[in-house]
Amino acid sequence: MMDAAKLLEMLPAKPRVLALGEPTHGEDVLLDVRNELFRPLVEQAGYRTIAIESDCLRGLIVDDYVTSGAGTLDDVMAHGFSHEFGRSPANRELVRWMRAYNEGRPEPERVRFAGFDGPLETVAADSPRQALTALHRHLAGVVGADLLPCTAETLDALLGDDDRWTEPAAMMDPARSVGRSPEAVRLRSLADDLAALLAATPAAGTELARLHARTATGLLRYHSWFADASPARLPWLLAVRASMMADNLLALAERGPMLVFAHNGHLQRPRSSMNLGGRPVGWWSAGAIAGARLGADYAVVATAVGTIRHRGVDTPPPDTVEGFLYGLPADRCLVDPRDLPVPSAPRESPWFGYAPLDPGHLTACDGIVFVKDLPEA
């Protein structure tokens, strides 16, 4: 069992945002560890929100269920997650536990769920329709029609068929994207005006409306760069996604202490990098952006693993971070990175889906969770 109290004792102060990373997706053991940490953080340390790397709009479905019981668990798992995370038994157990915890509790004591990723998938981004029309509808109910920059009918006509926004071929061929069409350019301007109107109308600035404003403007910016054919395209797409994630984290942090769970690469403080199309690409992650704003209110705990044998990831070399940790007796442990020896080599992964810890990032971690072996499900 992971010791949440020990983890908090390792930190100089209780952070408003406690970020727990994972080095790979799709391994329920890592999500079980997350669940083990979240429960005592709620029950003993006053944490009241968990945010995961999933669609921020779909996450509203999960939050409605855990706070009020709206819908059914099966429907929530089918429709409340992106990236196929709804198939995970550990995510299902998290949602079930949150709903059971909230039953009969007053609203201020209830735990909340959030997705903090944009409505984005690997090869496409969603249509901005849901966020943009919800923002327009909200503003139409609180300001005069003469202040709105357009009608709902105008938005609908400009948005057109949602399928053209999610065209998978646009990932490899920017010319297939509608992100810089005349309609998209006009929509981007209207979204900016609607977001500005929301900011200038204090009575209208609900948490949900601000989420819709961030998502609408972010999606249209993302689609615009999806349609770009220059070498800046991929760095911009990564940066826009990270910025959307960071903005969501900062907004959620206003609620109070929360646990954030995502890939290590989204939560780390140092600059991120990867090779795409044979060239290095660098950007600042959501954690780097949010952490710079939050300072001591942001803490990041990276997860490292020893083996994922069903993915070809075998026993780590002893001169790596994972190799040293693998030599410890415990199957799972929490380690202060300041207590680790300086590794002499980075670990190389034979599987693209797993990212070993970068030894150069150890000093930027506040803690490390180590799981010795990830068995095949």
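Below you will find a few notes about this structure. Small disclaimer: the values here were computed from a predicted structure and weren't measured.

A few words on the overall build of the chain. Tallying secondary structure elements over the chain gives 13 helices and 9 strands in all. Against the compact-globule benchmark of 21 Å for 377 residues, the chain has a radius of gyration of 21 Å, which places it among compact chains. Here the chain holds 377 residues, and the buried ones make up 53% of them. Taking as baseline every contact in the chain between residues at least 6 positions apart, the subset at least 24 positions apart corresponds to 76%. On the chain, roughly 16,800 Å² of surface is accessible, and the fraction owed to carbon and sulfur atoms is 54%.

In this model, the second largest pocket occupies a volume close to 300 Å³. Of all the secondary-structure elements, those providing two or more residues to the lining of the second largest pocket are helix H3 (59–68), strand S3 (112–117), helix H9 (207–226) and helix H10 (233–253). Residues that form the lining of the second largest pocket fall into these classes: 8 nonpolar, 3 polar and 6 charged.

Strand order in this open sheet of 7 strands is S3-S2-S4-S1-S7-S9-S8, and the pairing throughout is mixed. The two strands at the open ends of the sheet, each matched to only one other strand, are S3 and strand S8 (332–335). For this sheet, the mean inter-axis angle between neighbouring strands, taken without regard to orientation, is 25 degrees. Here strand S1 (residues 17–22) runs beside strand S4 (residues 258–263); their pairing, made up of 6 bridges, is parallel. Residue pairing across strands places Leu-18 opposite Leu-259, the latter belonging to S4. Across the sheet, helix H2 (residues 28–45) is in contact with S1, strand S2 (49–55), S4, strand S7 (298–307), S8 and strand S9 (367–373); its angle to S4 comes to roughly 170 degrees.

Moving on, we come to the side chain of Asn-248. One can find Asn-248 in helix H10. Dropping the residues within four chain positions of it, Asn-248 is found in contact with Cys-56, Phe-116, Asp-117, Leu-211 and Arg-214.

What counts, and at which threshold
Residues numbered from 1 in each chain as written. Predicted model: local features only at pLDDT ≥ 70, side-chain atom pairs only at ≥ 80, totals over all residues. Heavy atoms only, no water. Helix = DSSP H or I, 4+ residues; strand = E, 2+ residues; numbered from the N terminus. Rg over C-alpha atoms; globule rule 2.2 N^0.38 Å. Buried < 20%, exposed > 50% of the residue type's maximum accessible area, 1.4 Å probe, protein only. Contact = heavy atoms within 4.5 Å. Areas by Shrake-Rupley, 256 points an atom, 1.4 Å probe, with all protein chains shown as cover. 1 Å grid on protein atoms, 1.4 Å probe; cavity = no way out; pocket = protein on both sides within 12 Å on 5 of 7 lines; lining within 4 Å. Points joined across faces, edges and corners; volume = space filled by probe spheres on them. Nonpolar A, V, L, I, M, F, W, Y, C, P; charged D, E, K, R; others polar. Pairing = 2+ DSSP bridges. Axes fitted to C-alpha atoms, helices over the stretch in contact; angles between N-to-C directions.

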